[in-house]
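An overview of the molecular structure
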Amino acid sequence: MDTKELEIALEIVARLINGDSVSRGDKASQSLYQEYEENGQIYDYVNLILKKMNLTLYEYNYSLYITPGENNKTFGYSNEELKRELGVKLNRELYLCYFIIYCIIIKFYKNSAVSTYTEYVKAEDVIETADSLLLSFTKELDLFDMEELEENSFKTIAMVWEDMPALTVAEGTLRASRNSKAGYVKMVFNFLTAQNLLLENDKRYYITERMRALVTNYFEEYKGRIYQIMKGEAEDGEY
């Protein structure tokens, strides 16, 4: 084992875990990125270490990014932790937030490889997309009983969404709350901004390079599954 190469690999992993950049365009880390790119032993060490830590490595635009693997209790969020971060209480509210995140992503991407012309999104854009995607379910809401539905099904999400006004009378400005569609969107915006996945400027939200890395490497695998569920081609409870 080459101690020097292992130390470089550990330095790369440490920077990624601490949220620091490892990129060809970053002066502080460009030498580390070059080592990762050109030294096969360092490349293998980095990927092995991250795999053992249940972290997934994404490469995008000559930069490295990591995200927690499934059920990563150290670096990821449990459902309860996510509820606290987002400001919701019930599972169906959490799944609605997941759906809103999906709506935000598809405003920027036609698929995982092709971004759209959209430069930024606003709350009303996301509400319009969610309304459109849930339309087939909201037409039949009177046929469903909330207590009999899976909390993570699109029928339940549609019922929670449809039951809220687009904006409450008391909301003079966009505020995070569980009282309106706009309030839910704002809660999600706040969370994604805190995770460095979106940037906000004058109520406009722009996608970050980190978000692009996650979408490009990860979104395609799950987009098709979500679409299948929405079309009724898979069990709602599998989502």
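Residues numbered from 1 in each chain as written. Predicted model: local features only at pLDDT ≥ 70, side-chain atom pairs only at ≥ 80, totals over all residues. Heavy atoms only, no water.

**Considerations on the overall build of the chain**
Counting secondary structure elements, the chain contains ten helices and four strands. Taken from the N to the C terminus, the helices and strands of the chain come in the order α-α-α-β-β-α-α-α-α-α-α-β-β-α. Across the 239 residues of the chain, 43% fall into the buried class. By sequence separation, contacts in the chain at least 24 residues apart represent 50% of the contacts at least 6 residues apart. Accessible surface for the chain amounts to roughly 13600 Å². Of this, 45% is attributable to carbon and sulfur atoms. (Helix = DSSP H or I, 4+ residues; strand = E, 2+ residues; numbered from the N terminus. Buried < 20%, exposed > 50% of the residue type's maximum accessible area, 1.4 Å probe, protein only. Contact = heavy atoms within 4.5 Å. Areas by Shrake-Rupley, 256 points an atom, 1.4 Å probe, with all protein chains shown as cover.)

**Comments concerning the pattern of salt bridges**
Inspection of the entire model under this criterion finds six salt bridges. Among the salt bridges present, the one from D26 reaches R15, with a minimum N-O distance of 3.9 Å. Taken together, the residues span a long stretch of sequence, with D26 in the loop between helix 1 (3–17) and helix 2 (30–38) and R15 in helix 1 at a distance of eleven residues. Its relative accessible area of 23% is what places D26 among the partly exposed residues. Residue classification places R15 among the buried residues on the basis of a relative accessible area of 19%. (Salt bridge = Lys/Arg side-chain N within 4 Å of Asp/Glu carboxyl O.)

**Regarding helix 6 (residues 123–133)**
Residues of helix 6 that are buried: A123, V126, I127, T129 and A130. Angularly, the buried residues of helix 6 cover 165 degrees about the axis, an arc narrow enough to put them on a single face. Exposed residues pointing more than 90 degrees away from the buried face of helix 6 are listed as E128 and S132. Those residues of helix 6 that are buried are in contact with helix 5 (91–108), helix 8 (154–162) and helix 9 (181–194). (Arc of directions from axis to C-beta.)

**Brief notes about the packing of aromatic side chains**
According to the stated counting rule, one finds six aromatic pairs in the structure shown. For the ring pair Y36 and Y43, a centre distance of 5.0 Å and an interplane angle of 40 degrees mean the geometry is tilted. We classify Y43 as partly exposed; its relative accessible area is 36%. Looking at R24, its charged tip hangs above the ring of Y62, at a distance of 3.6 Å from the centre. (Phe/Tyr/Trp six-rings, centres within 6.5 Å; stacked < 30°, edge-to-face > 60°. Lys NZ or Arg CZ within 6 Å of the ring centre and 35° of its normal.)

**What about the side chain of T67?**
Position of T67 among the secondary structure elements: in strand 2 (residues 63–68). What makes T67 buried here is its relative accessible area of 17%. If sequence neighbours within four positions are ignored, T67 has contacts with L55, T56, Y58 and L214.

**Quick word on helix 9**
For helix 9, built from 14 residues, the straight-helix expectation of 20 Å at 1.5 Å per residue is met to within 8% by its first-to-last C-alpha distance of 20 Å. Counting buried positions along helix 9 yields eleven of 14 residues, so the element is predominantly enclosed. Taken as a whole, helix 9 has its buried residues at K181, A182, G183, Y184, V185, K186, M187, V188, F189, F191 and L192. Remark: N196 follows helix 9 within two positions and exhibits a positive phi of approximately 60 degrees. (Expected span 1.5 Å × (residues − 1).)

**A closer look at a negative patch on the surface**
Negative charge collects at one region of the surface, where E35, E37, E38 and E59 lie side by side. Within the fold, E38 resides in helix 2. Among the residues examined, E38 registers a relative accessible area of 58% and is labelled exposed. (Patch = residues over 30% accessible without salt bridge, like charges linked within 9 Å, V, L, I, M, F, W, Y side chains within 5 Å. Lys, Arg positive; Asp, Glu negative; His and termini not counted. Charge placed at Lys NZ, Arg CZ, Asp CG, Glu CD.)

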